[in-house]
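Report on the structure
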Amino acid sequence: MRSVLFDVDGVLVHSLFHDIPERRRRWDRYLLEDTGVDPEAFQTFFGPAFMEVIEGRVSLVTALEAFLPTVGYHLSPLGFIDYWLARDTHVNLQLMSLLARLRASGPVRLYLATNQEHLRAFHLWDKVGLKHHFDDMFYAARMGVAKPDPEFFRRVEARIGPQQEPPLFFDDSRSVVAAANEFGWEGVVFSDVEDCAGHSWIAGRLGTVMAGQT
């Protein structure tokens, strides 16, 4: 039994912040037309203070309630959150298909390890339905600390229990992968699905499945 963990944004969900511009997926394309909020102005919300939200010390509702009037939005922050969450969920279907094959290959635990606050984490898990594909979701607000802090990995390990092999972890951030490797995990930088499919351990498992199907 091996635990395999995946980041969300930039890995499992196509992100606005992908390192390769052609692979960025914008959720805010019509934000100005639909809400009156300029997308570039909204990006200032994700400054240093946003880490308080990510780590669960300040609620997303409270933070947006203070921020949105500064960019011209004076309605309930709950409506804005609904708009945002409904659009920022472009799931990587190729990766999901690969993971279904991996789970079918035999004993493996699939987890999410991600920097999320509570509301989006719940939306992804329950409404998008990731609960049907993964064993658990370890996210920053739940852990009380964000990647790449070593304490994040320590708290995740405490929940997944003793491992026969180092947890295998895919993330699009090089600094997070470096921190995971330093902690003793096997971290892999994820750019596209081939980074996962081509990993020797995963390719070996999937090769076994394919051989059994021929």
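Just above sits the structure.
Residues numbered from 1 in each chain as written. Predicted model: local features only at pLDDT ≥ 70, side-chain atom pairs only at ≥ 80, totals over all residues. Heavy atoms only, no water.

Within this model, the largest pocket holds a volume of roughly 760 Å³. Per-element accounting of the lining of the largest pocket gives the leading share, 3 residues, to helix H3 (residues 50-54). Its residues assigned to classes, the lining of the largest pocket comprises 11 nonpolar, 7 polar and 9 charged. When its volume is computed, the second largest pocket comes out at roughly 150 Å³. Lining the second largest pocket are 12 residues, with His-14, Asn-92, Phe-190, Ser-191 and Asp-192 sitting closest to its centre. Grouping the amino acids of the lining of the second largest pocket by side-chain chemistry returns 3 nonpolar, 7 polar and 2 charged. (1 Å grid on protein atoms, 1.4 Å probe; cavity = no way out; pocket = protein on both sides within 12 Å on 5 of 7 lines; lining within 4 Å. Points joined across faces, edges and corners; volume = space filled by probe spheres on them. Helix = DSSP H or I, 4+ residues; strand = E, 2+ residues; numbered from the N terminus. Nonpolar A, V, L, I, M, F, W, Y, C, P; charged D, E, K, R; others polar.)

Among the residues of helix H10 (residues 174-183), those classed as buried are Val-176, Val-177, Ala-179 and Ala-180. Buried residues in H10, looked at end-on, bunch into an arc of 160°, giving them a common side. Projecting away from the buried face of H10 at angles above 90 degrees are the exposed residues Arg-174 and Glu-182. Looking at the packing, one finds that the buried side of H10 touches helix H9 (150-160), strand S4 (168-171) and strand S5 (186-189). (Buried < 20%, exposed > 50% of the residue type's maximum accessible area, 1.4 Å probe, protein only. Arc of directions from axis to C-beta. Contact = heavy atoms within 4.5 Å.)

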